[in-house]
Amino acid sequence: MEFPIIIIQIFIIETKPIMFNFDNTYAKLPERFYSRGNPDVSNDPQLIYFNNDLAGELGIQVDSKDTAQIEEYFSGARLIKGSQPLSQAYAGHQFGNWSPQLGDGRACLLGEVIGTNGQRRDIQLKGSGATPWSRNGDGKYALGPAIREYLVSEAMCALGVSTTRSLALVTTGETVFREVPRPGAVLTRIAASHIRVGTFQYFYARRDNEALEILTDYALNRHYPGDHSEPNNALALLKNVVCNQASLIASWLGFGFIHGVMNTDNMAISGETIDFGPCAFMDVFDPQKVFSSIDVNGRYAWGNQPAMAQWNLARFAETLLPMIDADENTAMRLADDAVNAFSDQFNDQYLSTFGKKLGFSKPGSSTEELVDKTLRLLAENQIDFTLFFRQLNESNGDDPGKILKSMFKQEDQLQNWYKDWKKSLNLQGISTVSATTTMEHANPVYIPRNHTIEKIIDSAWTGDFDQFREFQEVLSRPYNFNRNFVAYESPPLDEEIVAATFCGT
Ligand code: AMP
Ligand code: MG
């Protein structure tokens, strides 16, 4: 008996691989700038969130429904074509103490892409395993701090603050051990570059002048191209970095943001906010506020951030001295002037930021005094920083209104301040409508409040990411009131207040 031959055709549906237009330049720098090595392969990657909008901006071609593929690529299990994985060398002052060798102990730079706006950006996996720079660390990222970094970095961007971005968040299926066992995660970080003050310090400490020159030219060309206003690249770079840091720190202050670990290895040459460790937005205004449990002396308190930025910039300037001028004294004088310029630049930005928060599109002669008075009022009365300014947008009469009044125990202090504020606006001929318009673009309704982040992290332990996704959505339009999201506006109840953020990230 003959059996009919049945031909079974199996169609294998080929998924289109993710396409990045890699154009890697850091990997072409001398080998002593980094060490090459691939990310670890996660055994059970699960996608938590993929930032489609950002992927679009970066010109990445990806099928957002193909979760399995995204999980493989953004956990490090599969290498994207054209990537040249490496971990960068850097050093740094941590809480003022010198560490001659840090480096990417838990991050892997895949390469650079040119986005649709023409900007070159780094694609980095954070938490992708140990590297030669890991020292005793495991090279991993716990899910909790990865969630915090995702939410806060994306919120900063929506608020209009210069910052690194988050493209993807994937859990790895591994357990990492901090104070307690936690799920491991990989966060794909996007940055203008990952060059830090500490990158310069690394070569400075090794008296590697050749590397310093290469790095200076590279950084200037990458971040501040076409600046030929100074006699040399080192001075041009220094002045640009000082200027960008001055406006960055002013914008942090304007949102009540406390970075928490402003070490020189966490200060980016691009002027972006980088490394969201024990960072937080404060609720009640207190200029001495810190969240980091290790910052016992308040080195990186809200109000200390400008001074600390300037300290870091002085460390940066040191590394550039021989390139600034062959004569040591001249080099010192030029560098000093450049770093000292931070104070005025910061003050201008600070007054402009807080002026806008009070309705002045440009600061006037009385703005500084008014800003000081405002902050004293908030501190003395322990007022929620974000809510106060937000409620100011709403008040348009001669009276502060019910909500603002309810925030104060001593209403007369508010009333007095309110009269002064109105008087200042009048003196500058600013109408209520115009002040409100200015304030609406300066005073957000939604910020990533610490207690909400903590709640979201707590739900993540049970595999619930719904609130993470919702909060991400809320934070993407921080200035627009949405009646469905009223809960995200509120300061914490007493029992919800988070006193400190961890240091074990
Ligand atoms: P950070 O506090 O995240 O700015 O990190 C400071 C330094 O410690 C950097 O060199 C990091 O690469 C390194 N580091 C932090 N966490 C880990 C970890 N889990 N494993 C290895 N290195 C780490
Ligand atoms: Mg760091």
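Here goes a summary of the coordinates provided. (Residues numbered from 1 in each chain as written. Chains lettered and ligands numbered in written order. Predicted model: local features only at pLDDT ≥ 70, side-chain atom pairs only at ≥ 80, totals over all residues. Heavy atoms only, no water.)

**Regarding the overall build of the protein chain**
Counting secondary structure elements, the protein chain contains 15 helices and 12 strands. Reported as C-alpha extents along the three principal axes, the dimensions of the protein chain are approximately 100 × 70 × 40 Å. Across the 505 residues in the protein chain, those meeting the buried criterion constitute 56%. Within the protein chain, residue pairs in contact and separated by at least 24 positions form 72% of the contacts whose partners lie at least 6 positions apart. (Helix = DSSP H or I, 4+ residues; strand = E, 2+ residues; numbered from the N terminus. Buried < 20%, exposed > 50% of the residue type's maximum accessible area, 1.4 Å probe, protein only. Contact = heavy atoms within 4.5 Å.)

**Notes on the packing of aromatic side chains**
Think of a pair of aromatic rings as described by two things: how far the centres are apart, and how the planes are tilted against each other in angle. On inspection of all chains with the given rule, the structure shows 32 aromatic pairs. Residues Trp-252 and Phe-257 carry aromatic rings whose centres are separated by 5.4 Å and whose planes lie at 70 degrees to one another, so their mutual orientation is edge-to-face. On the basis of relative accessible area, Trp-252 is assigned to the buried category, the value being 4%. Residue Phe-257 is classed as buried on the basis of its relative accessible area of 0%. Taken together, a centroid distance of 6.3 Å and an interplanar angle of 65 degrees make the contact between Phe-388 and Phe-408 edge-to-face. Separated by 20 residues along the polypeptide, Phe-388 in helix H10 (residues 385-394) and Phe-408 in the loop between helix H11 (402-406) and helix H12 (411-427) bring together distant segments of the chain. Given the relative accessible area of 0%, Phe-388 is considered buried. Sitting over the ring of Trp-311, Arg-299 keeps its end group 4.8 Å from the ring centre. For the cation-ring pair, Lys-357 lies above Phe-389, with the distance from its terminal atom to the ring centre recorded as 4.7 Å. (Phe/Tyr/Trp six-rings, centres within 6.5 Å; stacked < 30°, edge-to-face > 60°. Lys NZ or Arg CZ within 6 Å of the ring centre and 35° of its normal.)

**Quick word on the coordination of the magnesium ion (ligand 2)**
Ideal geometry at a metal centre: 109.5 degrees between donors when four sit tetrahedrally, and 90 or 180 degrees when six sit octahedrally. Coordination of the magnesium ion (ligand 2) by the protein involves Asn-266 (OD1) and Asp-275 (OD), with metal-donor separations of 1.8 to 2.2 Å. Residues Asn-266 and Asp-275 agree in their burial class; the two are buried. (Donors = N, O, S within 2.8 Å, 3.2 Å for Na, K, Ca; no water.)

**Focus on the packing of helix H9 (residues 367-381) against H12**
It is at 11 Å that the axes of H9 and H12 come closest, and there the two elements cross at 160 degrees. Considering the angle they form, H9 stands roughly antiparallel to H12. H12 is crossed by H9, and the crossing has left-handed handedness. Residue-level inspection shows Leu-370, Lys-373, Thr-374, Leu-377, Glu-380 and Asn-381 of H9 in contact with H12, the latter providing Gln-413, Leu-414, Trp-417, Asp-420, Trp-421 and Ser-424. Considering only residue class, the contact of H9 with H12 consists of five nonpolar, four polar and three charged. (Axes fitted to C-alpha atoms, helices over the stretch in contact; angles between N-to-C directions. Parallel < 35°, antiparallel > 145°, perpendicular 65-115°, else oblique. Left-handed = near helix turned anticlockwise from the far one by under 90°. Nonpolar A, V, L, I, M, F, W, Y, C, P; charged D, E, K, R; others polar.)

**Examining the pattern of salt bridges**
A full pass over the atoms with the stated rule returns 33 salt bridges. Arg-189 is the salt-bridge partner of Asp-275, the closest N and O atoms lying 2.6 Å from each other. Of this pair, Asp-275 sits in the loop between strand S11 (257-258) and strand S12 (280-281) while Arg-189 sits in strand S10 (residues 181-191), and the two are 86 residues apart along the sequence. You can call Asp-275 buried: its relative accessible area is 14%. (Salt bridge = Lys/Arg side-chain N within 4 Å of Asp/Glu carboxyl O.)

**Some words on the pairing of strand S7 (residues 120-126)**
For S7, a buried count of six out of seven residues is recorded, marking the element as mostly surrounded by other parts of the structure. Counting the residues that bridge the hairpin from strand S6 (residues 107-114) to S7 gives five residues, and of these Gly-118 lies at a positive phi of roughly 85 degrees. (Pairing = 2+ DSSP bridges.)

**Let's talk about the packing of helix H4 (residues 197-205) against helix H7 (residues 305-324)**
Where H4 contacts H7, the axes come no closer than 9 Å and their chain directions differ by 40 degrees. By the angle between their directions, the pair H4 and H7 is classed as oblique. For the crossing formed where H4 meets H7, the hand is left-handed. Touching Val-197, Phe-200, Gln-201 and Tyr-204 of H4 are Asn-312, Arg-315, Phe-316, Glu-318, Thr-319 and Leu-320, all from H7. By residue class, the composition of the contact of H4 with H7 is five nonpolar, three polar and two charged.

**Quick notes on the site of ligand 1**
Taken together, the neighbourhood of ligand 1 is formed by 17 residues, with Gly-103, Gly-105, Asp-138, Gly-139 and Asp-275 sitting nearest. Interatomic distance of 2.6 Å between a backbone N/O atom of Gly-103 and an oxygen atom of ligand 1. Backbone polar atom of Gly-105 to an oxygen atom of ligand 1: 2.7 Å apart, as the coordinates give it. In the complex, 80% of the free accessible area of ligand 1, which totals 480 Å², lies under the protein chains. (Near = heavy atom within 4 Å. Polar contact = N/O pair within 3.5 Å; in protein donor to acceptor, adjacent residues only side chain to side chain. Areas by Shrake-Rupley, 256 points an atom, 1.4 Å probe, with all protein chains shown as cover.)

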